[in-house]
Amino acid sequence: MKVTVDMTLCEDHGQCAIAAPNVFRINDDGKLEYDANPEERELTNVEEAADVCPVQAILIGD
Amino acid sequence: MTAVAVVGGSLAGLRTAEQLRASGHTGPITVYGEELHPPYNRPPLSKEVLADAQRATSAEMLDRLAFRRRSSTADVDFRLGTRVESADLSARTITLASGAVETWDGLVAATGLRPRRLRVEGPTQGRHILRTIDHCLTLRADLDRPRDVVVVGAGFIGCETACTLLKLGHRVTVVEPTGAPMNRVLGPALAEAVQAHHEDAGIRFVIGPGVTRFTGDQRVTGVQLDTGERLLADIVVESVGSVCNTEWLGGIAALDLSDGILTDNDLRVTGTDDVVAVGDIARFPNPLFDDVPRRVEHWNIPTETAKRAAATLVAGLQGRPPALPPFAPVPAFWSDQLDLRFQSFGSPGLADTVETVEGDLGDLTGGVLTRYTRDGRLVGSVAVNLSAARQRELRDEFVVMAPVG
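Since the model is a prediction, treat every value here as computed from it, not as a measurement. (Residues numbered from 1 in each chain as written. Chains lettered and ligands numbered in written order. Predicted model: local features only at pLDDT ≥ 70, side-chain atom pairs only at ≥ 80, totals over all residues. Heavy atoms only, no water.)

Caption draft 1: Quick peek at the overall build of chain B. Looking only at helices and strands, chain B features 9 helices and 26 strands. For chain B, the C-alpha atoms occupy an extent of roughly 60 × 50 × 40 Å along the three principal directions. Burial statistics for chain B: of 405 residues in total, 57% are counted as buried. Long-range contacts, defined as pairs at least 24 residues apart, comprise 63% of the intrachain contacts of chain B with a sequence gap of at least 6. Carbon and sulfur atoms make up 50% of the accessible area of chain B, which totals about 16,600 Å². Both charge centroids of chain B, one from 42 positive and one from 51 negative side chains, sit 3 Å from each other. (Helix = DSSP H or I, 4+ residues; strand = E, 2+ residues; numbered from the N terminus. Buried < 20%, exposed > 50% of the residue type's maximum accessible area, 1.4 Å probe, protein only. Contact = heavy atoms within 4.5 Å. Areas by Shrake-Rupley, 256 points an atom, 1.4 Å probe, with all protein chains shown as cover. Lys, Arg positive; Asp, Glu negative; His and termini not counted. Charge placed at Lys NZ, Arg CZ, Asp CG, Glu CD.)

Dropping the structure here:
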């Protein structure tokens, strides 16, 4: 699966890192890092992450 | 094939439609939304979108704020600009404003809140509320030059709006009769620290007095307080809480509509077996805290309640019990005000004891953590300007202690 975060929207709220910790993480500087090509088994968590993003910056591709 | 009617076309209605599909409902889903816009994200309306110097049009705003549709909901029938007037739970029908009657097998109440209005005399021009794209556009159109703004109500929306308007160069006064800003959630000490912080930035707070009337002929020119003081104002923003949109269910004896819609822990509306409630209007017990049903007006609750309510409704339509573990969502909210970011987990407002455990209330910018306990047990936390890397740990404090009983 392909995951894209629109970094022009992202405000580092970090809710995605709670929902899908294997895909998204907040680094020591408080900034988002993420895996753009996570395994399919992460789909439910990534969908949850996209749902809970306060600025709706997460796009799930194929 | 069974059909589900979702009454309410905002976040909670959309998420329930998605979760009905995820829970295995294959029959028709119709979402009735009173607003003309498809479901969109409201929190930016008091922040980024209000501050937007680009002066986006309604369509551009919607393009930015509308929730993306999942492919699973491609066949969901969104009837926008359609107000539902009433429901008949025994005949399983709803009646639309047009008079048309629609049938359903399962019903979702997702009608949310509308802003409460101040019931005081005076001109209406220059008075604003802020919950929808249309409200935001109307307010922004009125901000064409530096204004004297009075925000009535120092809850989160009022404070966010005040901060945004200050940054835009307007003179801003906040009037709140009940105490320091957001004190009901933050507790007095943190609330007073936030007030001092915002005052340093240039917002004036008038705490204590009530508003008796607005002065002016056609347009507001001032706000009269019960102390005799009159505040200069050509814009008033009313942010004095919300009213539940439950009138369409009025008169149905089995329902408890005393504050939103009373449900059980599975979000099934009390007194029914094929109706669920979601989002701001659902009053449900959360075993994270106790067995008292409460409404929760936080942004994460529509998404959380949609999941459980959809599972409950689908199980009911398939004639089986939901058989799910207790529903114990961790309430969460954030707020951006000037250079402060608040992030909260739990329900701080339930606390009997409040303690700031990290940082200095005199320097909120540097990071402060406040913990809220009741009978010695953690019920909430509020982080101000702490790294987002801390959030998982703050939230998990609640996850591990759920559920009780």
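Let's pick the thread back up.
Caption draft 2: Just the packing of helix α3 (residues 58-65) of chain B against helix α4 (residues 133-141) of chain B, in detail. Residues and elements named next belong to chain B. Closest axis-to-axis distance for the α3/α4 pair is 11 Å, and the angle between their directions is 130°. The angle between the axes of α3 and α4 places the two elements in the oblique class. Where α3 crosses over α4, the two elements pack in a sense that is right-handed. Within the contact between the two elements, α3 uses Ser58, Met61, Leu62 and Leu65 and α4 uses Ile133, Cys136, Leu137 and Arg140. (Axes fitted to C-alpha atoms, helices over the stretch in contact; angles between N-to-C directions. Parallel < 35°, antiparallel > 145°, perpendicular 65-115°, else oblique. Left-handed = near helix turned anticlockwise from the far one by under 90°.)

Caption draft 3: Structural detail: the domain arrangement of chain B. All names here are of chain B. Once the domains are mapped, chain B shows domain 1 (4-43 + 68-114 + 243-317), domain 2 (117-240) and domain 3 (339-399). A separation of 31 Å is found between the C-alpha centroids of domain 1 and domain 3. Taken residue by residue, the interface counts 4 residues in domain 1 and 7 residues in domain 3. Summed over both partners, the interface of domain 1 with domain 3 buries about 550 Å², with 50% contributed by carbon and sulfur atoms. Contact with domain 3 buries surface across domain 1, with Leu288, Phe289 and Arg294 losing the most and accounting together for 78% of the total. For Asp290, the salt bridge identified is with Arg374, shortest N-O distance 2.9 Å. Counting across the domain 1 and domain 3 interface gives 3 residue pairs in polar contact (both at pLDDT 80 or more). (Domains from an automatic or database assignment. Buried area = accessible area lost by both parts, 1.4 Å probe. Salt bridge = Lys/Arg side-chain N within 4 Å of Asp/Glu carboxyl O. Polar contact = N/O pair within 3.5 Å; in protein donor to acceptor, adjacent residues only side chain to side chain.)

Caption draft 4: Representation of the sheet that holds strand β24 (residues 353-358) of chain B within the structure. Residue and element names in this part refer to chain B. Pairing within the open sheet is antiparallel, and its 5 strands lie in the order β22-β23-β26-β25-β24. Each of the sheet's edge strands pairs with one partner strand only, and the pair in question is β22 (332-337) and β24. With direction set aside, neighbouring strand axes in the sheet form an average angle of 20°. Relative to strand β26 (residues 377-384), strand β25 (residues 368-374) runs antiparallel, the two sharing 7 bridges. Along β26, the bridge assignment pairs Val368 with Val384. Across the sheet, helix α9 (residues 391-399) touches β23 (340-346), β25 and β26, and the angle it forms with β26 is around 160°. (Pairing = 2+ DSSP bridges.)

Caption draft 5: Main features of unusual backbone geometry. Here the phi dihedral of A:Asp12 falls at roughly 55°; this positive angle occurs in a residue that is not glycine. Along the chain, A:Asp12 turns up in the loop between β1 (3-5) and α1 (15-19). You will see that B:Asp375, though not glycine, has its phi angle at about 50°, which is positive. Relative to the helices and strands, B:Asp375 is located in the loop between β25 and β26.

Caption draft 6: Representation of the pattern of salt bridges. Residues and elements named next belong to chain B. A complete count under the given rule lists 41 salt bridges over all chains for this structure. As a salt-bridge pair, Asp256 and Arg283 come within 3.1 Å of each other at their nearest N and O atoms. Of the two residues, Asp256 sits in the loop between β17 (242-244) and β18 (261-262) while Arg283 sits in strand β20 (residues 282-285), which places them 27 residues apart along the sequence. For Asp256, a relative accessible area of 28% translates into the label partly exposed. The residue Asp396 makes a salt bridge to Arg392 at a minimum N-O spacing of 3.7 Å.

Caption draft 7: The arrangement of the packing of aromatic side chains in detail. All names here are of chain B. For the structure on display, the rule yields 5 aromatic pairs over all chains. Geometrically, the ring pair formed by Phe156 and Phe333 is edge-to-face, given 4.8 Å between the ring centres and 65° between the ring planes. With Phe156 in helix α5 (residues 156-167) and Phe333 in strand β22, this residue pair connects regions lying 177 residues apart in the sequence. For Phe333, a relative accessible area of 8% puts it in the buried group. A centroid spacing of 5.5 Å and a plane angle of 45° characterise the contact between Phe284 and Phe327, whose relative ring orientation is tilted. Of this pair, Phe284 sits in strand β20 while Phe327 is found in the loop between α8 (300-317) and β22, placing the two residues 43 residues apart along the sequence. We note that Phe284, like Phe327, is buried. The rings of Phe156, Phe333 and Phe342 are connected pair by pair, giving a single aromatic cluster. (Phe/Tyr/Trp six-rings, centres within 6.5 Å; stacked < 30°, edge-to-face > 60°.)

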